[in-house]
Amino acid sequence: MRPVSCCLHAMQAGDVEAVLAIEQRAYEFPWSRGNFIDSLSACYLAQVLRSADGTLLGYFLAMQGVAELHLLNITVLPECQGQGLARLMLDALQTLARAHGCEQIWLEVRQGNERARRVYARYGFAEVGLRRAYYPAAEGRREDAVLMSLRLAESAA
Ligand SMILES: CC(C)(COP(=O)(O)OP(=O)(O)OC[C@H]1O[C@@H](n2cnc3c(N)ncnc32)[C@H](O)[C@@H]1OP(=O)(O)O)[C@@H](O)C(=O)NCCC(=O)NCCS
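A few points on the structure. (Residues numbered from 1 in each chain as written. Predicted model: local features only at pLDDT ≥ 70, side-chain atom pairs only at ≥ 80, totals over all residues. Heavy atoms only, no water.)

Turning next to the nonpolar core. Core analysis: the largest hydrophobic core is formed by 41 residues, its most contacted members being Ile-105, Tyr-120 and Phe-125. Broken down by secondary-structure element, the contributors of at least two residues to this core are helix 1 (16-26), strand 2 (45-51), strand 3 (56-65), strand 4 (68-76), helix 3 (85-99), strand 5 (104-110), helix 4 (114-123) and strand 7 (142-151). Considering every element that reaches this core, the biggest residue donor is helix 3, with seven residues. Setting aside its immediate chain neighbours within four residues, Ile-105 contacts Leu-69, Leu-71, Leu-93, Gln-94, Ala-97, Phe-125, Met-148, Ser-149, Leu-150 and Leu-152. (Core = buried A, V, L, I, M, F, W, Y, C linked by side-chain atoms within 4.5 Å. Buried < 20%, exposed > 50% of the residue type's maximum accessible area, 1.4 Å probe, protein only. Helix = DSSP H or I, 4+ residues; strand = E, 2+ residues; numbered from the N terminus. Contact = heavy atoms within 4.5 Å.)

This structure, assessed with the given rule, holds five aromatic pairs. With a centroid separation of 5.0 Å and an interplanar angle of 50°, the aromatic rings of Trp-31 and Phe-36 are classed as tilted. In textbook terms, an aromatic cluster arises when at least three aromatic residues are bridged by ring pairs, as seen for Trp-31, Phe-36 and Tyr-59. (Phe/Tyr/Trp six-rings, centres within 6.5 Å; stacked < 30°, edge-to-face > 60°.)

The backbone of Cys-43 shows a phi angle near 60°, a positive value even though the residue is not glycine. The residue Cys-43 is located in the loop between helix 2 (33-41) and strand 2 in this model. Positive phi, close to 55°, is recorded for Glu-139, a residue that is not glycine. With respect to the helices, strands and loops of the structure, Glu-139 is situated in the loop between strand 6 (126-136) and strand 7.

Here the focus is the side chain of His-70. Note that His-70 resides in strand 4. Discounting residues that sit within four places of it in the chain, His-70 has contacts with Leu-61, Ala-62, Met-63, Trp-106, Leu-107 and Glu-108.

The next subject is the pairing of strand 6. Of the pairings in the sheet, the one linking strand 6 to strand 7 comprises seven bridges and is antiparallel in character. Pairing of Gly-129 across the sheet is with Leu-147, part of strand 7. The hairpin turn running from strand 6 into strand 7, its antiparallel successor, is five residues long, and Glu-139 in that turn takes a positive phi close to 55°. (Pairing = 2+ DSSP bridges.)

The mixed open sheet is built from seven strands, whose spatial order is 1-2-3-4-5-7-6. With partners counted over all chains shown, the strands left at the sheet margins are strand 1 (6-10) and strand 6, one partner each. Across the sheet, the mean angle from the axis of one strand to that of its neighbour is 25°, orientation sign disregarded. Here strand 1 runs beside strand 2; their pairing, made up of five bridges, is antiparallel. (Axes fitted to C-alpha atoms, helices over the stretch in contact; angles between N-to-C directions.)

Our next topic: the environment of Ala-18. Structurally, the position occupied by Ala-18 is in helix 1. Judged by relative accessible area, which is 34%, Ala-18 ranks as partly exposed.

Shown next, in the form of structure tokens:
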């Protein structure tokens, strides 16, 4: 079911428990509570998406560099995936990036995360590199990351 209306807000320390609950359901290797708290302490760009009744539907966090943003985490509540919510958050991220004078957005995604890779590719991100053994994987193995980039000058304003 698609939420009737939803709204993005800056992520606050008080959101972390609800964010963590989604994170732990969405990933085999989730971020820790400390990862989120450190990101907020570092003043990373972090927003939560809530439905009109206040339900947390998703969130994203990004780190600003020189004329670029690095998307660190974007996650949608599992039962609300496939409804365009990632696209909605990517639009917000792109608006923030432009407002901060950024020319490019970077992200890493697990090579095996075909769904996310497809969402990013359809949004306009290009696969520009590979980071070997970047992520932890099952049984002590490692998984490569695909490095993706969205050049803002080339994407629709
Ligand atoms: C990857 C992830 C963020 C994508 O979020 P999402 O909200 O499902 O993505 P969207 O709905 O915007 O797009 C997904 C699909 O739904 C389709 N869609 C968009 N609007 C839709 C709508 N109103 N109704 C039905 N489907 C819709 C999109 O076209 C897209 O289809 P495609 O994959 O065939 O291109 C989400 O699956 C997720 O949180 N996964 C777990 C965490 C994760 O892997 N994060 C990324 C780490 S790099």
